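Analysis of the macromolecular model
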Amino acid sequence: MNKNQIIDILKTQDEAVIQELFKKAYQIKQQHVGSTVFFRGIIEFSNICTKDCFYCGIRKSNKKVYRFSMTAQDIIRASLWAYEQGYGSIVLQSGERSDEDFVEFIEDILLEIKKLTLNKLGITLSLGEQSFETFKRWFDAGAHRYLLRIETSDQNLYKKIHPKGSDHKNRLKCLKMLGEIGYQVGTGVMIGLPFQTYENLADDILFFKEWDIDMIGMGPYIVHKDTPLASLDNNTPETNFMLGLKMIALARIYLKDVNIAATTALQALDPLGREKGLQAGANIIMPNITPVEYRANYLLYEDKPCLDENAAMCRSCLENRISSIGETIGFCQWGDSPHFFKRKNAGKEKEKNPLS
Ligand code: 5AD
Ligand code: FES
C-alpha cells in the first residue's frame, strides 16, 4: 500500500470498499497479534495542566474547569483494583506538569505499585513532554511503556492547533528519548481536526512506520465547546468517526504487528465505537478506572462515555461487548506490542512477561 492508495481509501464513500478494508485489516490483525484483546485500566488522576492546547477541554486557560488531583493513596488503590481484576496493566494519565514535586510524586507511586504487585502490574505513562532525566527516573522506577501523541505529523498543522511557541520538534525528540531509554513507545494523532487534509492523515500512517512506533492510540477529534477550535468549521462527528475507523484499519494493514487501541473517543461518538474499532483492526481497550467522582472534571472533549458508571460496571459491560464479537480478553498479561520485541531483538527473543 502506498501513500496514494491510503489517500484514496480515506476519501472513499464506497461501502463495499470500506467493508473490504475492515475485513483485510481484521485478517492481518489475527495473523500478527491474534484476537485477544488486552486491557489497560486508565487512571486519569489529575486535570492540572501547564499547557494550553487549542483542542483540549482541560487546557490551562479554561477557567470553567474545577481542578483536581487524586492522592497517591487513591491512585495506588485504583491500580491495585485493576491488578486484582486481572487487567494486567494500567495507564497513568494527567495534564502536563514537569515540576520536581510532580516528578517525585509519580516516581514514588511507581515504586509503590511495583512493590505491592510484586512487579507484576504493567505500567504505562501518559504524562506529556518531559526531560530525558525525568523519563529515565520514571523508567527506572518501573514504568515500561509511554504514550505521547504527536497529535499530527504535520508541523504546520501542529502550529495551528497549539499556542505560539509550541514545538513539534520537541515531541519528536521526546519520542526518540523514550525509545533510547527502553520504553515501548506509543504515539498517535487526532483524526478530523480542522485544517487537516487526507494527505496529512496518510502521512501520519507513514510517520508511525518511519519512526518504528510500537503502540498506536489515535481517535477522532471531538469538539469541546470551551476551546478555541470550537469556533472553527468542524467536520460532523459521523465523518470523524468513519475516518477514525479507517485510520485504525490502515494502520493495522500498514504496520501489522503493533498494538492499536480502540480509544474512548470512538465510543463517545458511537455506543458501539470500541467494538467497531476492534473489528477494524484494534487490539487494545482502555477501560476507565478513575474513581467516578473525578471523571466529570476530566473532559478533554464533550460527550465522554461512562461518566457515572463505576469501574466494575465498566468491566462487565466490556466483557459482554468483547465476547459478543467473538474475541477473548487477555487477563493477567501485559500484552506487550510484538513489534517492540522485534525492534529490540530482531525477532530472536520472546516476550519476557513476568506474568506468563
Ligand atoms: N478530541 C479528541 N481527542 C482529544 N485529545 C485532547 N483533546 C481532544 C479532543 N478535543 C487527545 C489528545 C491527547 C490525548 C490525551 O487526548 O490527542 O494527546
Ligand atoms: Fe493539557 Fe490537554 S492541554 S492535558
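Given the structure is predicted, the values throughout are model-derived calculations rather than measurements. (Residues numbered from 1 in each chain as written. Chains lettered and ligands numbered in written order. Predicted model: local features only at pLDDT ≥ 70, side-chain atom pairs only at ≥ 80, totals over all residues. Heavy atoms only, no water.)

A short note on the overall build of the chain
So the rule is basically this: A run of H or I in DSSP counts as a helix once it spans at least four residues, and a run of E counts as a strand once it spans at least two, with each numbered from the N terminus. We compute the radius of gyration from the C-alpha atoms alone; for a globule the expected value is 2.2 Å times N to the 0.38, where N is the number of residues. In this description, accessible areas are obtained by the Shrake-Rupley approach with a 1.4 Å probe, and a residue is regarded as covered only by the protein chains that are shown. Charge convention: Lys and Arg are scored as positive, Asp and Glu as negative, and His as well as the terminal groups of each chain are ignored. The location of each charge is read from NZ of Lys, CZ of Arg, CG of Asp or CD of Glu.
What the chain contains, in helices and strands, is 14 helices and 10 strands. Relative to the globule expectation of 21 Å for 356 residues, the C-alpha radius of gyration of the chain, 19 Å, shows essentially globular dimensions. Summed over its atoms, the accessible surface of the chain is roughly 15,000 Å², and 52% of this surface lies on carbon and sulfur atoms. Separation between the mean location of the 45 positive side-chain charges and that of the 45 negative ones in the chain comes to 3 Å.

Brief notes about the side chain of Arg252
Note the threshold: Only protein chains enter the area calculation, which uses a 1.4 Å probe; residues under 20% of their type maximum are buried, those over 50% are exposed, and those in between are partly exposed. Whenever Lys or Arg places a side-chain nitrogen within 4 Å of a carboxyl oxygen from Asp or Glu, that contact is recorded as a salt bridge. What qualifies as a polar contact is a pair of N or O atoms within 3.5 Å, subject to a donor-acceptor requirement within protein and to the restriction that residues adjacent in sequence count only when both atoms come from side chains. Residue contacts follow a heavy-atom distance rule, with two residues in contact if any of their heavy atoms lie within 4.5 Å.
Relative to the helices and strands, Arg252 resides in helix 9 (residues 237-255). No salt bridge forms around the buried Arg252; measuring N to O, its nearest opposite-charge neighbour Asp257 is 6.5 Å away. Among the polar contacts listed, one links the side chain of Arg252 to the backbone oxygen of Lys256, at a separation of 2.7 Å. Among all residues touching Arg252, those that are not within four sequence positions of it are Ala25, Ile28, Lys29, Val33, Asp257, Val258, Ile260, Gly281, Ala282 and Asn283.

Topic: the confidence of the model for the chain
Formally: Note on scores: pLDDT gives the predictor's confidence for each residue, bounded by 0 and 100.
Averaged over every residue, the pLDDT of the chain is 92; the share at 70 or more is 95%. For the stretch residues 347-356, pLDDT sits under 50, and the model shows 17 contacts to residues farther than four places along the chain or on other chains.

Focus: the nonpolar core
A general trend in soluble globular proteins is that nonpolar side chains are found buried together. Keep this limit in mind: As used in this record, nonpolar core signifies buried Ala, Val, Leu, Ile, Met, Phe, Trp, Tyr and Cys residues forming a set joined through side-chain atoms within 4.5 Å.
Among the nonpolar cores identified, the biggest contains 93 residues, and Leu92, Leu125 and Trp138 are the most heavily contacted of them. A total of 11 residues in this core trace back to one element, the largest contributor, which is helix 9. Each residue touching Leu92, except ones within four places of it in the same chain, is listed here: Ile43, Phe45, Ile75, Ile109, Leu110, Ile123, Thr124, Leu125, Ser126 and Leu127. Ile42, Val91, Ile284 and Met286 belong to the second-largest nonpolar core, a separate cluster that totals 6 residues.

A few points about helix 3 (residues 72-84)
Spelled out, the test is: Expected span of a helix: the number of residues minus one, times 1.5 Å.
Across its 13 residues, helix 3 extends 18 Å between first and last C-alpha, which sits within 8% of the 18 Å expected from 1.5 Å per residue. Those residues of helix 3 lying buried are Asp74, Ile75, Ile76, Ala78, Ser79 and Ala82. In this structure, the buried residues of helix 3 make contact with strand 1 (36-46), strand 2 (89-94), helix 4 (100-116) and helix 12 (292-295). The first or second residue beyond helix 3 is Gly86, which carries a positive phi of 80°.

Some points on the packing of helix 8 (residues 198-210) against helix 9
This is how it is decided: To define axes, lines are fitted to C-alpha atoms, for helices over the stretch in contact only, and angles between the resulting N-to-C directions are given on a 0 to 180 degree scale. For a crossing to be left-handed, the near helix must be turned anticlockwise from the far one by less than a right angle; the clockwise case is right-handed. Ten residues, namely Ala, Val, Leu, Ile, Met, Phe, Trp, Tyr, Cys and Pro, are considered nonpolar, four, namely Asp, Glu, Lys and Arg, are considered charged, and the remaining ones, Gly among them, are considered polar.
At a closest axis distance of 10 Å, the pairing of helix 8 and helix 9 adopts a crossing angle of 35°. Considering the relative orientation of helix 8 and helix 9, their crossing is right-handed. Residues Tyr198, Leu201, Asp204, Ile205, Leu206, Phe208 and Lys209 of helix 8 form the contact with helix 9, whose own contacting residues are Leu243, Met247, Leu250, Ala251, Tyr254 and Leu255. Tallied by class, the residues present in the contact of helix 8 with helix 9 amount to 11 nonpolar, no polar and 2 charged.

A look at helix 7 (residues 168-181)
With 14 residues, helix 7 ought to run about 20 Å at 1.5 Å a step, and its terminal C-alpha atoms sit 20 Å apart, in line with that. Of all the positions in helix 7, only His168, Arg171, Leu172, Cys174, Leu175, Met177, Leu178, Gly179 and Ile181 are classed as buried. Turning to helix 7, the residues buried within the fold contact helix 5 (132-140), strand 4 (145-147), helix 6 (155-160), strand 5 (184-187), helix 8 and helix 14 (338-345). The opening residue of helix 7 is Asp167, an N-cap whose side-chain oxygen sits 3.1 Å from the backbone nitrogen of Lys169. Of the residues flanking the end of helix 7, it is Gly182, one or two places downstream, whose phi is positive at about 120°.

Let's talk about the pattern of salt bridges
The tally for this structure, following the rule as stated, stands at 22 salt bridges. Between Lys51 and Glu96 there is a salt bridge, and its shortest N-O distance comes to 3.1 Å. Note that Lys51 is positioned in the loop between strand 1 and helix 3 and Glu96 in the loop between strand 2 and helix 4, a separation of 45 residues in sequence. In this structure Glu96 comes out as buried when scored by relative accessible area, which is 10%. Here Glu112 and Lys115 are joined by a salt bridge, their closest N and O atoms 3.7 Å apart. With Glu112 and Lys115 both in helix 4 and 3 residues apart, the pair spans about one turn of that helix.

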